[in-house]
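Coordinate analysis (summary)
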Amino acid sequence: MATLLDVQNLSISFRTYRGILAATHDVTLHVDAGETVGIVGESGCGKSVTAHAVMRLLPAATTIYSSGTITWDGEAIQGYTEKEMNHLRGREMAMVFQDPMTALNPVLSIGSQIREGLTLHQHLSRSDADQEAAALLREVGITSPERRLHQYPHELSGGMRQRCLIAMALACSPRLLFADEPTTALDVTTEAQVLQLLRSLQAERQMAVVLISHNLGVIAQMCRRVYVMYAGCVVEEGPVEAIFDEPAHPYTQGLLASLPDPAHKDKILTGIAGQAPDLFHMPTGCRFYPRCRQAMQICKRQVPPYYTTGTGHRAACWLLCPEREECAWH
Amino acid sequence: MALIDMQHVTKTFVVDRDWLGRPVRQLTAVHDVSLSLAAGETVGLVGESGCGKSTLARTVLGLYPKTSGTILYKGKSVDDEATGRAFRRHVQMIFQDPYASLDPRMTVEDIVAEPLRNYHLERDKADLRCRVTALLEEVDMPAEAAQRYPHEFSGGQRQRIGIARALALSPECIFCDEPISALDVSVQVQIVNMLQRLQHERGLSYLFIAHDLAMVHHLSQRIGVMYLGRLVELGPSDALYHDPRHPYTQALIAAIPRPDPHYRRHDVLAGEVPSPLAPPPGCVFHPRCPYTQERCRKEVPLLRDLGGGRLAACHFAKRGDAV
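Procedures and definitions
Residues numbered from 1 in each chain as written. Chains lettered and ligands numbered in written order. Predicted model: local features only at pLDDT ≥ 70, side-chain atom pairs only at ≥ 80, totals over all residues. Helix = DSSP H or I, 4+ residues; strand = E, 2+ residues; numbered from the N terminus. Rg over C-alpha atoms; globule rule 2.2 N^0.38 Å. Buried ≥ 20, exposed ≤ 12 C-beta atoms within 10 Å, placed from the backbone. Contact = placed C-beta atoms within 7 Å. UniProt positions renumbered as here; feature names shortened; annotations may be inferred. Axes fitted to C-alpha atoms, helices over the stretch in contact; angles between N-to-C directions. Parallel < 35°, antiparallel > 145°, perpendicular 65-115°, else oblique. Nonpolar A, V, L, I, M, F, W, Y, C, P; charged D, E, K, R; others polar. pLDDT = per-residue confidence, 0-100. Pairing = 2+ DSSP bridges. Domains from an automatic or database assignment. Core = buried A, V, L, I, M, F, W, Y, C linked by C-beta atoms within 7 Å. Expected span 1.5 Å × (residues − 1).

**Some points on the overall build of chain A**
Helix and strand content of chain A: 11 helices and 12 strands. Over its C-alpha trace chain A gives a radius of gyration of 21 Å, about what one expects of a compact globule, namely 20 Å for 330 residues. Taking the principal axes of the C-alpha coordinates as reference, chain A spans close to 75 × 50 × 45 Å. For chain A, the proportion of its 330 residues judged to be buried stands at 45%.

**Section: the overall build of chain B**
A tally of regular secondary structure across chain B gives 10 helices and 12 strands. A compact globule built from 323 residues would reach a C-alpha radius of gyration of about 20 Å, and chain B, at 21 Å, matches this within 12%. When its C-alpha atoms are laid out on the principal axes, chain B stretches across 70 × 60 × 40 Å. The 323 residues of chain B split such that 44% are buried. The contacts in chain B between residues at least 6 apart in sequence include a share of 64% that link residues at least 24 apart.

**Some details on the UniProt feature "domain: ABC transporter" (unreviewed entry) in chain B**
Taking the numbering used here, the UniProt-annotated feature "domain: ABC transporter" (unreviewed entry) corresponds to residues 4-253 of chain B. Between the end C-alpha atoms of residues 4-253 of chain B the distance is 28 Å, and the span holds 38% helix and 28% strand.

**Here we look at the packing of helix α3 (residues 108-118) of chain B against helix α5 (residues 155-167) of chain B**
Each pair of packed helices gets described by two things: the angle between the helix axes and the distance between those axes. Residues and elements named next belong to chain B. The N-to-C vectors of α3 and α5 enclose an angle of 30 degrees; their axes lie 7 Å apart at closest approach. The angle between α3 and α5 places the two elements in the roughly parallel class. Each of Val108, Ile111, Val112 and Pro115 in α3 lies in contact with α5, whose residues at this interface are Ile161, Ala164 and Arg165. Within the contact of α3 with α5, the residues separate by chemical class into 6 nonpolar, no polar and 1 charged.

**Topic: the confidence of the model for chain B**
Per-residue pLDDT for chain B has a mean of 92; in total, 98% of the residues score no lower than 70. If you check the scores for this complex, the pTM reads 0.90 and the ipTM reads 0.87.

**A short note on the environment of B:Asp103**
Turning to its location among the elements, B:Asp103 is positioned in the loop between β6 (91-94) and α3. It is 15 Å that separates the C-alpha atoms of B:Asp103 and B:Ala145, two residues lying 42 residues apart in sequence.

**Brief notes about the interface of chain A and chain B**
In this complex, chain A contributes 34 residues to the contact, which on the side of chain B involves 34 residues. Looking at which element gives the most residues to the side of chain A that touches chain B, the answer is helix α7 (residues 188-205) of chain A, with 6 residues.

**Quick word on the pairing of strand β4 (residues 63-72) of chain A**
All names here are of chain A. In the sheet, strand β1 (residues 3-16) pairs with β4 via 8 bridges, with the strands oriented antiparallel. Bridging across to β4, glutamine 8 finds its partner in threonine 69. Of the pairings in the sheet, the one linking β4 to strand β5 (residues 75-76) comprises 2 bridges and is antiparallel in character. Among the inter-strand pairings, tryptophan 72 is bridged to a residue of β5, identified as glutamate 75.

**With respect to the domain arrangement of chain A**
Residues and elements named next belong to chain A. By domain assignment, chain A separates into domain 1 (3-92 + 174-320) and domain 2 (106-173). Taking the mean C-alpha position of each, domain 1 and domain 2 sit 30 Å from one another. Contacts between the two partners involve 13 residues from domain 1, matched on the other side by 13 residues from domain 2.

**Side note on the environment of B:Val78**
Mapped onto the elements, B:Val78 comes out in the loop between β5 (76-77) and α2 (81-90). Setting aside its immediate chain neighbours within four residues, B:Val78 contacts B:Ile71, B:Tyr73, B:Thr83, B:Gly84 and B:Phe87.

**Section: the sheet that holds strand β3 (residues 42-46) of chain B**
Residues and elements named next belong to chain B. Strand order in the open sheet formed by 8 strands is β6-β7-β8-β3-β9-β10-β12-β11, and the pairing between neighbours is mixed. Edge positions in the sheet fall to β6 and β11 (304-307), since each has one partner strand and no second. Taking the axes of each pair of neighbouring strands and ignoring which way they run, one obtains an average angle of 20 degrees across the sheet. Lying on the sheet, helix α1 (residues 53-60) is in contact with β3, β7 (173-177), β8 (205-209) and β9 (222-227); it crosses β8 at an angle near 145 degrees.

**Some words on the sheet that holds strand β2 (residues 19-32) of chain A**
Residue and element names in this part refer to chain A. Sheet architecture is open: 4 strands sit in the order β2-β1-β4-β5, paired in antiparallel fashion. Of all strands in the sheet, those with a lone pairing partner are β2 and β5, marking the two edges. Lying on the sheet, helix α1 (residues 47-54) is in contact with β1, β2 and β4; it crosses β1 at an angle near 110 degrees.

**A few points about the nonpolar core**
In a soluble, globular protein the nonpolar side chains are often hidden away together inside. Counting residues in each nonpolar core, the largest one holds 186 residues, and the members touching the most others are A:Ala167, A:Val210, A:Val235, B:Val112, B:Ala164 and B:Leu207. At 8 residues, helix α6 (residues 158-170) of chain A tops the list of elements feeding residues into this core. The residue makeup of this core includes at least three contributed by each of domain 1 (3-92 + 174-320) and domain 2 (106-173) of chain A. Apart from the residues within four sequence positions on either side, B:Ala164 is in contact with B:Val112, B:Leu135, B:Leu136, B:Glu138, B:Val139 and B:Met141.

**Digging into α1(B)**
Residues and elements named next belong to chain B. Taking burial as the measure, the 8 residues of α1 include 7 buried ones, the bulk of the element. Taken residue by residue, α1 has Lys53, Ser54, Thr55, Leu56, Ala57, Thr59 and Val60 as its buried positions. Among the residues trailing α1, glycine 62 stands out with phi positive, at a value near 85 degrees.

**Remarks on α5(B)**
Working note: α-helix, 3.6 residues per turn, so residues spaced by three or four point in the same direction. Residues and elements named next belong to chain B. The terminal C-alpha atoms of α5 lie 18 Å apart, and with 13 residues this matches the ideal 18 Å at 1.5 Å per residue to within 8%. In terms of burial, α5 is largely enclosed, as 12 of its 13 residues are buried. Restricting attention to buried positions, one finds in α5 the residues Gly156, Gln157, Arg158, Gln159, Arg160, Ile161, Gly162, Ile163, Ala164, Arg165, Ala166 and Leu167. Where the residues of α5 are buried, they touch β6, α3, α4 (125-138), β7 and α6 (185-202).

**Structural notes on unusual backbone geometry**
Residues and elements named next belong to chain B. Phi at lysine 74 is positive, roughly 50 degrees, even though this residue is not glycine. Its location among the elements puts lysine 74 in the loop between β4 (68-73) and β5. A tally of 16 C-beta atoms within 10 Å means that lysine 74 is categorised as partly exposed. Positive phi is not limited to glycine here, since leucine 228 has a value of about 55 degrees. Secondary-structure assignment places leucine 228 in the loop between β9 and β10 (230-236). Taking the number of C-beta atoms within 10 Å as the measure of exposure, leucine 228 has 22 and is therefore buried.

**Notes on the pairing of β4(B)**
Residues and elements named next belong to chain B. Of the strand pairs in this sheet, strand β1 (residues 4-17) and β4 are connected by 5 bridges, and their pairing is antiparallel. Across the sheet, the residue bridging to methionine 6 is isoleucine 71, located in β4. Turn length for the β4-β5 hairpin, with the two strands adjacent in sequence and antiparallel, is 2 residues, and the turn residue lysine 74 shows positive phi of about 50 degrees.

**A few points about the environment of B:Val30**
Note that B:Val30 resides in strand β2 (residues 23-37). Placed 93 residues apart in sequence, B:Val30 and B:Arg123 show a C-alpha to C-alpha distance of 42 Å.

So, in structure tokens, the structure goes:
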């Protein structure tokens, strides 16, 4: 399949009052047309920053793009002007944000918020846009859509608002949809409904989806390929079965060991000791080594390269180095 | 004898009053819930937002005045002054939001020492400092933390400070209101393991409120499921998780996103939770239930004993204790 989005060695930092904050480091990922890719990691690992960087939604004044390229459909888009980006955003790629309470404008009706993209990109008239908006709301499973168009966000429940956000993102039939923690704010039964909706929309529209989540369950149920991020780096990537069945990086292993196993209720969860590093003071070498149970001398000194452990499955960890036994590293 | 016995607890909030101050609209957040908690036991309470699980905990602790019902502490009603005083001292609470539940202007030492000061349990300053250090040590925090302020700590560390504060009065029971839902996965485990260790060392009981059913199952001996202010199912943790009897519990468990790419999901529960201002007649779950019959629309199902320590509020829940 054709590669839609290709991100190479993307490093992003922010200027803050406390100094330079390193948000992502050397992130390389790609998304093929029509596939669902997951980015999983804990808060502050850089998963949202990566998505926002691709759509250029980060504050321009304080963001430093220190290295890397972003290629959209074979074209480098970093040199694009704001006007050219506006053509991409909404029409080619769109985003569903985490919090349905704050992502919608409280003083505009649902209808006018969905219409915005349609009139801007597709130059529809108001009445055509209204019809199209109602059709979109019906597609995302909202009952009596014509009435909803005149309602305001506070009149809808969390699940309904999230559906409206999805309708807005779908308005111009984007080829890539970023879903940034789309169900984190929702209850578990509503979450299941929204995930099912995303899955069927993805299949019907043959749209690529990048699902960003901290919830391993959501990722396992939705994605074909997964990127695991930790402290701004992609530490492991691979097909979803490989990531969950044979995790290669100690961080991924630790994340999976943090989840209770319903079949073995009394098993003590091992999890991961310590806490994520301060983004202002990143450890040298492997960023995970201060929390890693299997850390070696080299981990502290040198950043591990990626080692391939299977088809499309690779991880950045010195434990996977084939010459490990020969060198006296420990 | 149960440590805490809640009998028919109901909590109603007045939403609207007329010009004479008489209530016109009421919201029943907790409706006739009976639940007991034995010494050393962990009871999990699950349900979606707005189901009344936090309100129940707060009402039992007296943070909200209860509308009706009885709360017994070691067999005596907490409405009795002496029992009530002992109850409030020995039953503590930890809160969901580690950012909002600690006063930003107090040092960690002041926060942890406050309950001790309130009950005049300190002999002198040195004694107080010593006890705070011991409490912080118990939750794996360094003694230096005492002189710092909450904003200097991460979410997981703040939750530890909240736990140290709850432990200050050597409680018998702690109500944990979503203590881990604001935390990252790897930090959740640290807190959960610590709660289990403290339970083991101090013989604590927990009422563990959460929406993460998998984690509640891991921690609890018994689980109660709430929907729209009602307790709809109660039973031993393993039996309830692997063989849920109430259709809502079944849907809730089926909806958990499993961290297993080979798992195929069952049907998704349709619809949304009705407004608690106008709960549906009959069984409150009937508009969303896949098995609804005529009887469900009219008759309110009572919490029925199904054998094996299991209870469910459904006309058609099957009996027997087979798992």
